[in-house]
Amino acid sequence: MSAPTPYLHLPGTARAALTFYGRVFGCEVELHTLEEFGRTDGPPDAIAHGQLVGGPVSLYVADAEPGDTPLLRGVMLALLGTAPSGTLRAWFAALAERGDVVDDLQRRPWGAWDGQVVDAFGVHWLIGFEVDAEA
C-alpha cells in the first residue's frame, strides 16, 4: 500500500502554486485544464488536475469549482525527515518566501529540528529533521 497523496483545491491559483512547488521541490509539473478534459463548469484555462512528478514530493492540485470556498484550516503537510537537512532547510526558506513563518526552523529540546510555514498559497507546512552531519 502506498502513502496517501494530498490533493489540494485552491481558489484559482492551482497553476501558480504547482509551478512554484515544482521549482521548490525540483519536480516536473503536469497541468491539465478544464478545456482539455472537455469540461464546461468553469473557465477553460482553469486547472482541472495538476501534479508534481519525478521528484521527492507527491502532490495533486486543482482549481476549486466556482462557488466552492477552499478550506485548508486544520491541515498541515509534514515533510519530516524526507530529505537531508540541507535540502529541508532550503525547502523551508523557499516556502517562506512571500509566506508566513509560523514557527521558525529551530533545534528543539528533544534534539531534532523543525519549524512551520504557511506559504504564499495558504498551505501550511511542517518541516523537520534529526540532527545529522549537515545540521
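Residues numbered from 1 in each chain as written. Predicted model: local features only at pLDDT ≥ 70, side-chain atom pairs only at ≥ 80, totals over all residues. Heavy atoms only, no water.

Asks: Is there a simple way to think about the pattern of salt bridges in this case?
Replies: Pairing is possible between side chains of opposite charge, provided their charged atoms come close. Tallied over the full model, the rule gives 3 salt bridges. Of the charged contacts in the structure, one is a salt bridge between Asp41 and Arg39, with a shortest N-O distance of 2.7 Å. Linked by salt bridges that have partners in common, Asp103, Arg108 and Asp114 make up one network. (Salt bridge = Lys/Arg side-chain N within 4 Å of Asp/Glu carboxyl O.)

Asks: It is not clear to me how the packing of aromatic side chains should be interpreted in this structure. Could you clarify?
Replies: Any aromatic ring pair is given by two values, namely how distant the centres are and how the planes are angled relative to each other. One pass over the full model with this rule turns up 9 aromatic pairs. Ring geometry for Tyr21 versus Phe121: centroids 6.1 Å apart, planes at 70°, classification edge-to-face. Of the two residues, Tyr21 sits in helix H1 (residues 14-25) while Phe121 sits in the loop between strand S7 (113-118) and strand S8 (124-129), which places them 100 residues apart along the sequence. Like Phe121, Tyr21 is buried. Their ring planes at 85° and their centres at 4.9 Å tell us that Phe25 and Trp91 sit as a pair that is edge-to-face. Placement of the pair is Phe25 in helix H1 and Trp91 in helix H2 (residues 85-96), with a sequence separation of 66 residues. With respect to class, Phe25 is no different from Trp91; both count as buried. An aromatic cluster is present here, built from Phe20, Tyr21, Phe25, Trp91, Phe121 and Trp125 joined pairwise through their rings. Arg89 extends its terminal NZ or CZ atom over the ring of Trp113, reaching a point 4.4 Å from the ring centre. The ring of Phe20 carries Arg98 above its face, with NZ or CZ at 6.0 Å from the centroid. (Phe/Tyr/Trp six-rings, centres within 6.5 Å; stacked < 30°, edge-to-face > 60°. Helix = DSSP H or I, 4+ residues; strand = E, 2+ residues; numbered from the N terminus. Buried < 20%, exposed > 50% of the residue type's maximum accessible area, 1.4 Å probe, protein only. Lys NZ or Arg CZ within 6 Å of the ring centre and 35° of its normal.)

Without other data, these values stay purely geometric and don't point to any function.
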